[in-house]
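Results of the structural survey
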Amino acid sequence: MKKISKAALTILCLTALLSLRCGANSEHHTNYNTSVSTFLSEKQFNDLFPMRDKFYSYQAFIKAITRIGHIKIKVVKRAVSVYQITRTDKNNGVTRVVRQDEDWNEDWAKKKPDSSYVVDYGDFCSEKDLPTNKKELAAFFANIAHETRHGVNGQYNDGLMYTHEADTSLRYVADNDNYPAVAGKRYYGRGPLQLSYNGNYGYASDCIFGDKTILLNNPELVETDPVIAFEVAIYFWMTPQTYKPSAHDVMVGKWKPKAGDKAKNRKPGFGMTINII
């Protein structure tokens, strides 16, 4: 797959998105929780991705934002890698633990200080003021375009062309006690952000569906169901990893670089999303 500068691509996305209007007084708009559909039309989506696979539609993208937006998770970690994930469905108010690692109640684990964070997937490109939300969406588009492009360098029009990576012969399986691979299944890169490996499929499935088996048993859903494909991309964008902040937090200013980050010139903004992904 030929490479293209994400910086150049995001400039184009930003130029397009920041010029969008949500009404006569949009330049004075300060309300938060603005739905993406209010500042991104189907025509604008299509113009940004003119060579996209028909699998990736505006309708699927907006439906994915709406559907995953009803989900909120709380992640509590003991030590470095002992997890408890509590998932809340905001549609019905049901909250339940969808993952609690085997060592959760071990004495050695309980002696370690807990850390926790909450991810509200409804905050995707809607948590802050309108310019910030647009910049986040532009950064998201630049990354998914880069991950799925198959075109000519310099054209900037070839995003969302791949539904899965070119080589599907590899299984992308790693040992994982919580999310073991299913025999015969391959977990190669799929969807807008090319989700890979059984651990990532299982974690995404816990968060999105409250059931790890859905994507572990059926990883092909990420390349056959466009709404799920976009949900998985939004999940990956919004969810911190063990040693990395989420791309969302980086773009909206919630992530604050520590001394070690500053020493390596890591700063909030688009460049950091590339490092994360």
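Up top you'll find the structure we're talking about.
Values in this document were obtained by computation on a predicted structure and should not be read as measured data.

The rules we used
Residues numbered from 1 in each chain as written. Predicted model: local features only at pLDDT ≥ 70, side-chain atom pairs only at ≥ 80, totals over all residues. Heavy atoms only, no water. Helix = DSSP H or I, 4+ residues; strand = E, 2+ residues; numbered from the N terminus. Axes fitted to C-alpha atoms, helices over the stretch in contact; angles between N-to-C directions. Parallel < 35°, antiparallel > 145°, perpendicular 65-115°, else oblique. Left-handed = near helix turned anticlockwise from the far one by under 90°. Contact = heavy atoms within 4.5 Å. Nonpolar A, V, L, I, M, F, W, Y, C, P; charged D, E, K, R; others polar. Core = buried A, V, L, I, M, F, W, Y, C linked by side-chain atoms within 4.5 Å. Buried < 20%, exposed > 50% of the residue type's maximum accessible area, 1.4 Å probe, protein only. Pairing = 2+ DSSP bridges. Polar contact = N/O pair within 3.5 Å; in protein donor to acceptor, adjacent residues only side chain to side chain. Phe/Tyr/Trp six-rings, centres within 6.5 Å; stacked < 30°, edge-to-face > 60°. Lys NZ or Arg CZ within 6 Å of the ring centre and 35° of its normal.

A closer look at the environment of K54
Relative to the helices and strands, K54 is located in the loop between α2 (42-48) and α3 (58-68). A sequence separation of 106 residues divides K54 from L160, and the C-alpha atoms of the two residues are 9.1 Å apart.

With respect to the packing of α3 against helix α9 (residues 226-238)
Axis separation between α3 and α9 bottoms out at 8 Å; the angle between their running directions is 55°. Viewed along their axes, α3 and α9 adopt a mutual orientation that is oblique. Considering how the two elements wind past one another, α3 and α9 form a crossing that is right-handed. Together, A60, F61, K63, A64, I65, R67 and I68 of α3 and P226, V227, I228, F230, E231, I234 and Y235 of α9 make up the contact between the two elements. Of the residues that constitute the contact of α3 with α9, the class distribution is 11 nonpolar, no polar and 3 charged.

Focus on the nonpolar core
In this structure, F61, F124, L137, F140, F141 and Y235 are the most contacted members of the largest nonpolar core, which totals 60 residues. A total of 11 residues in this core trace back to one element, the largest contributor, which is α9.

So, the sheet that holds strand β2 (residues 82-89)
Strands sit in the order β3-β2-β1-β4 across an open sheet of 4 strands; the sheet is antiparallel. With partners counted over all chains shown, the strands left at the sheet margins are β3 (94-100) and β4 (114-120), one partner each. The average undirected angle you get between the axes of adjacent strands in this sheet is 15°. As paired strands, strand β1 (residues 71-78) and β2 are joined by 8 bridges and run antiparallel to one another. Across the sheet, R78 pairs through a bridge with V82, a residue of β2.

So, the side chain of T88
Among the secondary structure elements, T88 is positioned in strand β2. Only 2.8 Å separates the side chain of T88 from the side chain of T95, close enough to count as a polar contact. With residues near it in sequence (within four places) discarded, T88 still touches H70, I71, K72, V94 and T95.

A closer look at the packing of aromatic side chains
The final tally for this structure, using the stated rule, is 19 aromatic pairs. Between F61 and F230, the aromatic rings sit 5.1 Å apart at their centres with planes inclined by 55°, giving tilted as the arrangement. One end of the pair, F61, is in helix α3; the other, F230, is in helix α9, and 169 residues separate them in sequence. In this pair, the class of F61 matches that of F230, namely buried. Measuring from ring centre to ring centre gives 6.3 Å for Y83 and Y203, while their planes differ by 85°; the resulting arrangement is edge-to-face. In this pair, Y83 is assigned in strand β2 and Y203 in helix α6 (residues 198-209), connecting sequence segments 120 residues apart. Of the two residues, Y83 and Y203, neither departs from the other in class, the shared state being buried. It is R78 that lies over the ring of W104; its NZ or CZ is 3.9 Å from the centre. Positioned over the ring face of Y188 is R190, at 3.8 Å from the centre of the ring.

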